Structures are given as structure tokens and as C-alpha cells.
Amino acid sequence: MSFGNWKPTVVVQGIVWILYGLLLQPEPGTATLPLLMDSVIQALAELEQKAPATEAGHSAAAWLLSAQGSGTHSPLRHFLLEGKSLNTTDLDPPSLSPELRGLMGEVARHSVQDGKEYGVVLAPDGSTVAVEPLLAGLWAGLQGHRIVNLSLESSATPPDAGVTFPDLGATSPGLSNASPDVTSADVRAVSPNVSTKDLDVEATSPEARPGSPDVQASSPDTKAKLPTAVDNILVVTLAGDLGLNFLQGPQTWNHSGLGTEGCWDQLSVPRTFTLLAPEASPLTTAFLNGALDGALLGDYLSQTPEPRPPLSQLLSQYYGAGVAGDPGFRSNFRRHNGAALTSAPTLTQQVWGALILLQRLEPAHPRLQGMSQEELAQVATHASKEFTEAFLGCPAIHPRCRWGAAPYQGRPTPLKLPLGFLYVHHTYLPAPPCTSFKRCAADMRSMQRFHQQTQGWADIGYSFVVGSDGYVYEGRGWHWVGAHTLGHNSRGFGVALIGNYTAVLPSEAALRAVRDELPRCAVRAGFLRPDYALLGHRQLVRTECPGDRLFNLLRTWPHFDKNVKPRTARRASSRSKRRPPPMILLSTDLQ
């Protein structure tokens, strides 16, 4: 493609219009391409190759507008992404190949039906991503960070003064840094057919990034004001859907089903995605992944000066080695980056504001009709708290099916939860840390084969294994007794870091998962006692595990039990020194 003909603003926006339009008007039939993020990127690249030869993005933009007006199921996205009805009989956007049109038809809309999840694709990092919120975030970012003022003078339910918010923590950088001086048009009682363009919504500069100008503080005694504005990136990707999901009532707050995972029928050519919890809410792990990716990339695009990179290039980098050469800005670390982008108080205001806006867009909405502002505030508070604690604050765990685990041999023994210990191991061999899903998954299969076929164990011994790719891999999991720490398997979880940490340390992301995220979420879920003790393998078994360098670091961590002295490993024989074993063998009291 010749970049001399590349018109960044209109063409890149037109690409998203076309692709988002394809999503909203799927063609019948079955895609022949696998449901992979690489296929979506291929579709973007094909559109980008055709775009410079067209009327920039004019007809493409009109085509998507018509698609939204006739078929979109999200009033918030329709409104904030400037959708309106157009007569587009004569419009003929650049065509994709039949294979790519079939693919885009299959990932048209995100939905959960009969235990299956639709509108999702498998990304190179092993995560599953919903395409619809991802594209919504990209388009919102191309528009620039913009806010819509929510005037308090409207026909909606009068605000209840003095709504109390719980302590949700301090605000974070990114979207949470609001600019109270940024203004835009007011939204009072509006019709669903009114667009933001009709309301003269102003674009903001990267320095004036709208978020939540009214979050006063987060102490339990603080009276939080009504939100006066919504940020279109957060609302179209995350806040609106969070609010709607939690409108069902208090029972949803305690059993939200946020972040339900699933299994592909196959990883090489994925076609069908089945959820592990049949009664999962629409806010699955895949949806939240897509929403976070859309928010993060939308935020990036809104701050990137012209000429912006082609979207196919941006997504290739984000789902690859990192955007603009930054290995920290990629899909592997979306939760960590998402926590830096927004905070619970900010997200609370955005969820609340999204519900207010939806209440005005659809006065007869069955879940919102007659709800007071205090009730909306409670929904927003619980939704944001659950999302930030149960999703953003927890590690991303690849289930067994994702790394290709063989079946458990025999009948597993259930654990009596909660447990009181967390035992830390290193795998020793494989010695090199794994930094990609492909490598980490291969290491998991290799260890499981060794444990089952050579050792004769029922399964891989560890409860969980931590890679250096930003992910935790499920071994025996939270509910079954493992085979990792002789004499202590039923009393604690065994967590291993892939690599040899005798002389070096794991990556900071891997350390953070073991030190903070995994135990914090285990405590929250009732799997681990709040007063749990953390021990290195060598404190209970004669071994060098988890390596001198890592064990010395463990001594400085919270919950480390210094009263349990390490047991000296037996000196190796001269024969064993000449030829090291293929794997550090873990003793077990199960086999």
C-alpha cells in the first residue's frame, strides 16, 4: 500500500465504519475461516488496501450509519458513535473476500446462548476476545476523547441528594484523571434518534481527558455527587454493559458471574466456544477482554497524533510483541493496564452516568423505568467494585482446555476449603522462562506428560503454574488435591513458576501474580484463608526448590512464614552430578 495516498483521518475512520457495519449487518452462511484474531486483522488489512482507492471514508461512514440505524441493539453505542438512519440503497462499500465476509458475519454480535458464546475469536496470547466492544472502542478512540454533559434538569427521575459510596480506593492515571473544565453539550430528555452531532458534542484534546469530574473522595462518609458527564470510550466498551448486567438486583451483586471462561472445540482451527458455566452472564471473560482492549486501544488512538497507524498494524502489535515496541502494552497485560487506565470511583461515575443516559434515551426501558438516582448509584457502585476486584484485580488464568491438558487419570480427591497455605515452587526444567502462549502451553503439556507417564501420577502435580507471558495456567485448580509438596498436598495450593530461579528472578508480572493477585483473589473467593502462610517448597521437603534467588525474595513477602526453617537438600551423588535428571521430581503423598 502506498502511504502517499493514505489519508489518515477519513480513511482510518472509514475502515472502522465499514468493519463495524459488516458486524451489524451479517450475511447468512457459515464462515470458512477459523475464528482467530489474525483473521479479523486480515479483514482490516484487506479493507485498508482498498480504502485509498475509494472516496476516502465518506461512503463507508454512511454505510455503517445506515447499518446502525437499522440493526444495532445498543442505544448507547448508537447514540455515542453518532448513528442515524440513512437511505443507503445506492451505497456500495469496498467488498471483502467471501471468506472474510463470512467470518465477519459470524462475529457480528456478542451473545451468550445455551452455554455457547458467539461473536468471539481466539487471540495469539491464548485469550478469547469479543469483537463488538473492541471495534466500538476503536471507533470511539478515533473520534477523540469526548464527553456528553448530563444536565440535572431533565424529565428523568429527580436525583436523590447525598448518595453514599463505599471506600473504593484512590483514583488511577489515565481516564481517571478528569478535567473539570472540559465542557460539552447537555443531554436532557433526548430521543434515541438524536445523535451527538445534533447536540454539538465537543472533542477534547489529549491533555483534557474526560473521566469523572465529580468524584470527590472515596471514604465511606463521603457524599458523592451525581455524574455530570460520560466518557464515550468507557461507556461504549464497558460501563454501559456493566450497569445493565447489575440492574437485575442484589442477587447479581453477590453472584455476578463476571469473567466466565470457556473452551474452544480446537485451538488450531477454532469454530465453537463453549462456556464452562452454562448459566454465565453476558459479561464473560471474552467480553471483558474485548471491552478492555477497546478501551485501552481507544484511549491510545485518542492521544496519538496524525498520521495514526493503520488499524491492522495497531492490532497486530497489540496482540503480538507490543504497541510501538512497548512489550508492556499488549493484550497479555490488559488487566494490569486496565487497572492503570481507570479506577473504581471513576468507573462508578461512568456506569452511573451511562445508566442515566440510557434512562433518558429509553424512558420505557423495563429495567430502568422508575428507578431513583440512589438506586442507580447503588447498582453502579456494586458493578464497579465487582469488576475492579474480581476481574481487574485477579490474574488471568488459562483453563486446562486452553493449554491442551490430557484428562485426569482416575478420580480426583476434593480439597476441604479454605486452605491455610500457599507453597511456591520453580519447575527447574523447563529452565528458560516461557514468554509466549505457544511456549507456555507446550511446557504445560510436557510437564503433564512427565508427571503422568513417567511418574505415574494422575495429573500434573501443581495447582497452578505461572508463566512469564502474563498468564497463570490451571493445573489441578482450586478444588482438587495436588501432588506438589510431600505430606502437605491437602493443606495448601502448590504454585510453580516456569523456569530455574537458582540464580535469577522471574519476571515482575510473574512475581506479582504469585505474591499479590492469585492469593488475594483466592481469599476473596473463599479458597484461601485470610491468614494464610506462604512457604517455599524447601521449607517442607528436602529440595533446593524454589531456587536460592527466588527463595531469598520470598522471605521479604507478606505472609511468608519465617518460623518454618528450610530443610537441607540431600547432597547429590557423584553419578547424579555427572548427568542431571530430566526434571526435578516432586514427591507426593497421593500416588
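Heads up: these notes are all about the structure in this document. None of the values given here were measured: they were computed from a predicted structure. (Residues numbered from 1 in each chain as written. Predicted model: local features only at pLDDT ≥ 70, side-chain atom pairs only at ≥ 80, totals over all residues. Heavy atoms only, no water.)

## Remarks on helix H15 (residues 437-454)
Heads up, the rule is: Under the scheme used here, helices are H or I runs from DSSP no shorter than 4 residues and strands are E runs no shorter than 2 residues, and both carry numbers assigned from the N terminus. A helix's residues, less one, multiplied by 1.5 Å, set its expected span. For the exposure calls, accessible area comes from a 1.4 Å probe over protein chains only, and a residue counts as buried if that area is under 20% of its type's maximum, exposed if over 50%, partly exposed in between. Residues count as neighbours in contact if any of their non-hydrogen atoms are within 4.5 Å of one another.
Helix length check: H15, at 18 residues, gives a terminal C-alpha distance of 25 Å against a target of 26 Å (1.5 Å per residue), a fit within 8%. Looking only at H15, the buried set comprises Phe437, Cys440, Ala441, Ala442, Asp443, Met444, Met447, Gln448, Phe450, His451 and Gln452. Residues of H15 that are buried in the fold lie against strand S12 (397-398), helix H14 (400-403), strand S14 (464-466) and strand S15 (472-474).

## Some remarks on the nonpolar core
So the rule is basically this: Throughout this description, the term nonpolar core refers to a set of buried Ala, Val, Leu, Ile, Met, Phe, Trp, Tyr and Cys residues connected via side-chain atoms within 4.5 Å.
Counting residues in hydrophobic clusters, the biggest one holds 84 residues, and the most contacted among them are Met37, Leu138, Leu242, Leu297 and Phe387. Core analysis: the next-biggest nonpolar cluster, separate from the first, contains 28 residues, Phe464, Leu511, Val514 and Phe560 among them.

## Considerations on the state of the cysteines
The test is simple: Counting rule for disulfides: a pair of cysteine sulfur atoms within 2.5 Å.
According to the stated counting rule, one finds 3 disulfides in the structure shown. Shown here is the disulfide that connects Cys394 with Cys521, its sulfur atoms set 1.9 Å apart. Its S-S torsion of approximately -110 degrees makes the covalent link between Cys394 and Cys521 left-handed. Taken as a pair, Cys394 in the loop between helix H13 (373-392) and S12 and Cys521 in helix H16 (residues 508-525) lie far apart in primary sequence, 127 residues in all. Exposure remark for Cys394: the relative accessible area of 12% places this residue in the buried category. Using a relative accessible area of 12% as the deciding quantity, one classes Cys521 as buried. Between Cys434 and Cys440 runs a disulfide, and the two sulfur atoms are separated by 2.0 Å. In this structure the cystine formed by Cys434 and Cys440 twists about its S-S bond by roughly 95 degrees; its chirality is therefore right-handed. Shown here for the protein is a disulfide pattern of 1-3, 2-6, 4-5, where each number marks a bonded cysteine counted in sequence order.

## Section: unusual backbone geometry
In the segment running from Glu306 into Pro307, the intervening peptide bond is cis, with an omega of -5 degrees. Relative to the elements of secondary structure, Pro307 occurs in the loop between helix H9 (285-303) and helix H10 (311-318). With an omega dihedral of 0 degrees, the bond running from Leu429 to Pro430 counts as a cis peptide bond. Within the secondary structure, Pro430 is located in the loop between strand S13 (419-426) and H15. With phi around 55 degrees, Ala324 is a residue other than glycine that occupies positive phi space. Topologically, Ala324 is positioned in the loop between H10 and helix H11 (334-341). Backbone geometry places His559, a non-glycine residue, at a positive phi of 75 degrees. Assignment of secondary structure puts His559 in the loop between helix H17 (548-554) and helix H18 (574-578).

## A few points about the side chain of Gln448
Among the structural elements, Gln448 can be located in helix H15. Those residues in contact with Gln448 that sit more than four places away from it in its chain are Arg400, Trp403, Ala405, Ala406, Asp459 and Ile460.

## With respect to the side chain of Glu517
Summarising the element assignment, Glu517 is placed in helix H16. If we ignore the near neighbours within four places in the chain, the residues touching Glu517 are Gly393, Cys394, Pro395 and Arg512.

## Details of the packing of aromatic side chains
The line we're drawing: For Phe, Tyr and Trp, where Trp contributes only its six-membered ring, two rings pair if their centres lie within 6.5 Å, and the inter-plane angle classes them as stacked under 30 degrees, edge-to-face over 60, or tilted in between. Here, a charge over a ring is recorded when the distance from Lys NZ or Arg CZ to the ring centre is within 6 Å and its angle to the ring normal is within 35 degrees.
A complete count under the given rule lists 10 aromatic pairs for this structure. Geometrically, the ring pair formed by Trp264 and Phe273 is tilted, given 4.9 Å between the ring centres and 50 degrees between the ring planes. Judged by its relative accessible area of 8%, Trp264 falls in the buried class. The class for Phe273 is buried, based on a relative accessible area of 2%. With 5.0 Å between their ring centres and 85 degrees between their planes, Tyr318 and Tyr319 make a pair best called edge-to-face. Exposure remark for Tyr318: the relative accessible area of 0% places this residue in the buried category. Using a relative accessible area of 4% as the deciding quantity, one classes Tyr319 as buried. An aromatic cluster is defined as three or more aromatic residues linked by ring pairs; in this entry it consists of Tyr300, Tyr318, Tyr319 and Phe329. Its guanidinium or amino end placed over the ring of Phe391, Arg335 lies 3.8 Å from that ring's centre, counting from NZ or CZ.

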